[in-house]
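What follows is each chain in one-letter form.
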Amino acid sequence: MANLKNVTKKTKAQAMGMHSEVLTGRTQQKFFNPDEAENFYYFGTYDVDFNKRTDLDVKDMTAADANKEIDNLMSQGYGTIVIKNPQGKHSIGVGILNKLNLIFEGSLGYFGIGSCDGPIVRINGRVGWSCAENLMAGKVVIEKNAGSCFGAAIRGGDLICKGSVGARTGIDMKGGTIIIGGDAGAFTGFMMQRGRIIILGNVGINLGDSMYDGTIFVGGEIGSYGSDAVDAELTKSDQDWLKRKLKVAEIGENFDVSKMKKIVAGKKLWNYDNLEPTEKKGAI
Amino acid sequence: MVKKKNKKKITKSVTVKDQQLGKKKETAREKMIGQSIGYRYDVNLLPDYSKITPFLKKYIDAMGWDDLNWLEDVHMGYEEGRPAVFCRNANGWVTIPKSIKLPNNQQDRDMIARELLVKFQMSPKHPLVDLKKAYLKF
């Protein structure tokens, strides 16, 4: 039998005591410090200037290399980066947690602009599946059409497609706003929990299926309602917000928002009460 | 002859306390499982931009956005009966100090919540800063 030595090499996290803390309770108790200094950026992000502009040709780069180069340019203070020849690359422009003006001159493949928090992105072309997945904050504008799962699980920010989108747009979204200038496919707003979807055109079958919360506004025809998606009254506050948001989205400024349909959750699927076994009481 | 007594209709008066967010009486089921069912505040409430604070205006300008962006989804809620705002990055409620006087209407409260949340998230004392130092790969 091999004489295995007990390796006790500590990771950086262990050295910082992160594995020895006692975790009790369901939530952390943190307090604001109201005298906190005025700071608008996350700790450790780059100080960039929107007026400092550069081009990046990614024709002969892999997606990973292109993403690293975008990071490198941000570290040099470039606040506006124009990406040339994206040529439908997958997973490009991802993980940007910085303020940035990013412009793609062309189309993207799958999972573009994923897990971003803050940038303003403009894509002068089309995008494939799952564009802007898990967007936390920022604004993403697609000038043409988008594929399925557009804005899957987004938490915040504005995601705009001036053309039409595929199926399952805004699936599992937990915040933010998705705005579609054209039509949307089946299962739009599937399992959405929070946030808002605006569709100026028509939408396919099973709209808002199994939605927990959130709001969907539709300007055109609805193929069919999904389970627990119900109509609601369009209020004056909704109309004012829609007008303002469409202006931000640079589409449908003259659209008659008063004729839009508002769809919300019927809340009949809130069955967690029945699903939660009493035995779990001690564990919670 | 028996006189008919005028029966007074007994109506339960709903106190202001019952209507306040976070102080709603818990259902028997919620008490049993020790967990609330559904949101404790209106997650769909749209912001009133006339109530925006100078700090938030500066934040929007600094980021180059046109409006409150992700902060539209931030509202002041309650945690264990105390006003608090949920920090998605720390995955926990951040309690508002007692020293801060809160206005009566939800729109003004939401703006304060947004401002405090930005200050909290951008602070070098935010819990994620330590995590970033420990786990950042590149």
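Residues numbered from 1 in each chain as written. Chains lettered and ligands numbered in written order. Predicted model: local features only at pLDDT ≥ 70, side-chain atom pairs only at ≥ 80, totals over all residues. Heavy atoms only, no water.

Participant: Would you mind going over the pairing of strand β4 (residues 101–105) of chain A with me for this structure?
Facilitator: Residues and elements named next belong to chain A. Strand direction decides the pairing type here: strand β3 (residues 78–84) and β4, joined by five bridges, are parallel. Opposite valine 82, over in β4, you have isoleucine 103 as the bridge partner. Inspection of the sheet shows β4 paired to strand β5 (residues 117–123) by four bridges, in the parallel sense. In the strand pairing of β5, phenylalanine 104 is matched with isoleucine 123. (Pairing = 2+ DSSP bridges. Helix = DSSP H or I, 4+ residues; strand = E, 2+ residues; numbered from the N terminus.)

Participant: Quick question: what am I supposed to make of empty space enclosed by the protein here?
Facilitator: In this approach the atoms are scanned with a rolling probe the size of a water molecule, which exposes any empty space left behind. On inspection of all chains with the given rule, the structure shows one cavity of 30 Å³ or more. Here the largest cavity is characterised by a volume of approximately 100 Å³. Lining the largest cavity we find 16 residues, and of these Phe40(A), Tyr42(A), Asp117(A), Met63(B) and Met122(B) sit closest to its centre. Every element with two or more residues in the lining of the largest cavity is listed here: β5 of chain A together with α3 (54–63) of chain B. (1 Å grid on protein atoms, 1.4 Å probe; cavity = no way out; pocket = protein on both sides within 12 Å on 5 of 7 lines; lining within 4 Å. Points joined across faces, edges and corners; volume = space filled by probe spheres on them.)

Participant: Would you explain the sheet that holds β5(A) in this entry?
Facilitator: Strand pairing in a sheet is mediated by backbone hydrogen bonds. Such pairs are either parallel or antiparallel. Residues and elements named next belong to chain A. An order of β2-β3-β4-β5-β6-β7-β8-β9-β10-β12-β11 is seen for the eleven strands of this open sheet, with the pairing classed as mixed. Two strands bound the open sheet, and with one partner strand each, they are β2 (49–57) and β11 (229–232). The average undirected angle you get between the axes of adjacent strands in this sheet is 20 degrees. Where strand β8 (residues 174–180) meets strand β9 (residues 194–199), five bridges bridge the pair, whose relative direction is parallel. Its bridge partner lying in β9, isoleucine 178 is registered against isoleucine 197. Of the strands in this sheet, β2, β3 and β4 touch helix α2 (residues 63–75), which is tilted by about 150 degrees from β3. This element, helix α3 (residues 236–248), spans β6 (137–142), β7 (158–161), β8, β9, β10 (215–218) and β12 (261–265) of the sheet and lies at about 70 degrees to β9. (Axes fitted to C-alpha atoms, helices over the stretch in contact; angles between N-to-C directions. Contact = heavy atoms within 4.5 Å.)

These values are about where atoms sit, not about what they do.
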